[in-house]
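# Structure assessment
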Amino acid sequence: MSVTSFSDLPLADRDREWDGSAAEQRVRKWAGAEDEPNEKYRDAHVWYDTDNKDNFTAYKLLIADVVDGRLTAVPRGVMAAGAVMQGSRGGVDLPHKDIDRVKSHLAKYYAKMDETAPWERD
């Protein structure tokens, strides 16, 4: 199990809509990962199961989309992932040891957006 490395992706406009399913398809195409995941595909997610990295279902917390041909973090995608980490939509099933690292990864994007991650708010 692993948290992806923080890639410091550029941020999309804050008002950009987030459609995770559509973003998933664009990321697969951009990464050349239509048949199986690869490293470029992995960079769009915050967490993946290293034991099953050849399966798309091993990747969780998609936060990026392809904007003008570049992999780009989408603020509403980051916020959706943050909400899931707080239990929204039933939460996410991750190993306990990875939760703090996932939150740290997401918090870096919140900071880029001049926001405070939900778990760091009073």
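As a starting point, this report considers the structure included with it.

Parameters and conventions
Residues numbered from 1 in each chain as written. Predicted model: local features only at pLDDT ≥ 70, side-chain atom pairs only at ≥ 80, totals over all residues. Heavy atoms only, no water. Core = buried A, V, L, I, M, F, W, Y, C linked by side-chain atoms within 4.5 Å. Buried < 20%, exposed > 50% of the residue type's maximum accessible area, 1.4 Å probe, protein only. Helix = DSSP H or I, 4+ residues; strand = E, 2+ residues; numbered from the N terminus. Contact = heavy atoms within 4.5 Å. Axes fitted to C-alpha atoms, helices over the stretch in contact; angles between N-to-C directions. Parallel < 35°, antiparallel > 145°, perpendicular 65-115°, else oblique. Left-handed = near helix turned anticlockwise from the far one by under 90°. Nonpolar A, V, L, I, M, F, W, Y, C, P; charged D, E, K, R; others polar. Expected span 1.5 Å × (residues − 1). Polar contact = N/O pair within 3.5 Å; in protein donor to acceptor, adjacent residues only side chain to side chain. Pairing = 2+ DSSP bridges. Phe/Tyr/Trp six-rings, centres within 6.5 Å; stacked < 30°, edge-to-face > 60°.

### Some words on the nonpolar core
One finds Tyr 41, Val 46, Leu 61, Ile 63, Val 78, Val 102 and Leu 106 to be the most contacted residues of the largest nonpolar core, which totals 33 residues. At the level of elements, helix H1 (20-31), strand S2 (45-48), strand S3 (59-62), strand S4 (64-67), strand S5 (70-73), helix H3 (75-85) and helix H4 (96-112) are the ones that each hand at least two residues to this core. It is H4 that provides the largest number of residues to this core, a total of five residues. Setting aside its immediate chain neighbours within four residues, Val 46 contacts Ser 2, Val 3, Thr 4, Lys 60, Leu 61, Ile 63, Val 102, His 105 and Leu 106.

### A short note on the packing of H3 against H4
The contact between H3 and H4 brings their axes to 10 Å, and the two run at 150°. One finds that H3 runs roughly antiparallel with respect to H4. The two elements H3 and H4 cross, and the hand of that crossing is left-handed. Counting all contacts with H3, which are made through Val 78, Met 79, Ala 81, Gly 82 and Met 85, the residues of H4 involved are Ile 99, Val 102, Lys 103, Leu 106, Tyr 109 and Tyr 110. Classifying every residue of the contact of H3 with H4 gives nine nonpolar, one polar and one charged.

### Focus: H1
Its twelve residues place the ends of H1 16 Å apart at the C-alpha level, agreeing with the 16 Å of an ideal helix rising 1.5 Å per residue. Buried residues along H1 sit in contact with helix H2 (39-42), S2, S3, S4 and S5. Between the side-chain oxygen of the N-cap and the backbone nitrogen of Ser 21 there are 3.2 Å, and the N-cap of H1 in question is Asp 19.

### A short note on the sheet that holds strand S1 (residues 2-3)
If you walk across this open sheet you meet the three strands as S1-S2-S3, and the pairing is antiparallel. Each edge of the sheet is formed by a strand with only one pairing partner; in this case those strands are S1 and S3. In this structure, S1 lies alongside S2, joined through two bridges in antiparallel fashion. The partner of Val 3 across the bridge, within S2, is Trp 47.

### Some remarks on the packing of aromatic side chains
Applying the stated criterion to the full structure yields five aromatic pairs. Judged by centre distance (5.2 Å) and plane angle (80°), the rings of Tyr 41 and Tyr 59 are edge-to-face. Of this pair, Tyr 41 sits in helix H2 while Tyr 59 sits in strand S3; the two residues are 18 residues apart in sequence, bridging distant segments of the chain. On the basis of relative accessible area, Tyr 41 is assigned to the buried category, the value being 1%. Taken together, a centroid distance of 5.5 Å and an interplanar angle of 10° make the contact between Tyr 48 and Tyr 59 stacked. In this pair, Tyr 48 sits in strand S2 while Tyr 59 sits in strand S3, placing the two residues eleven residues apart along the sequence.

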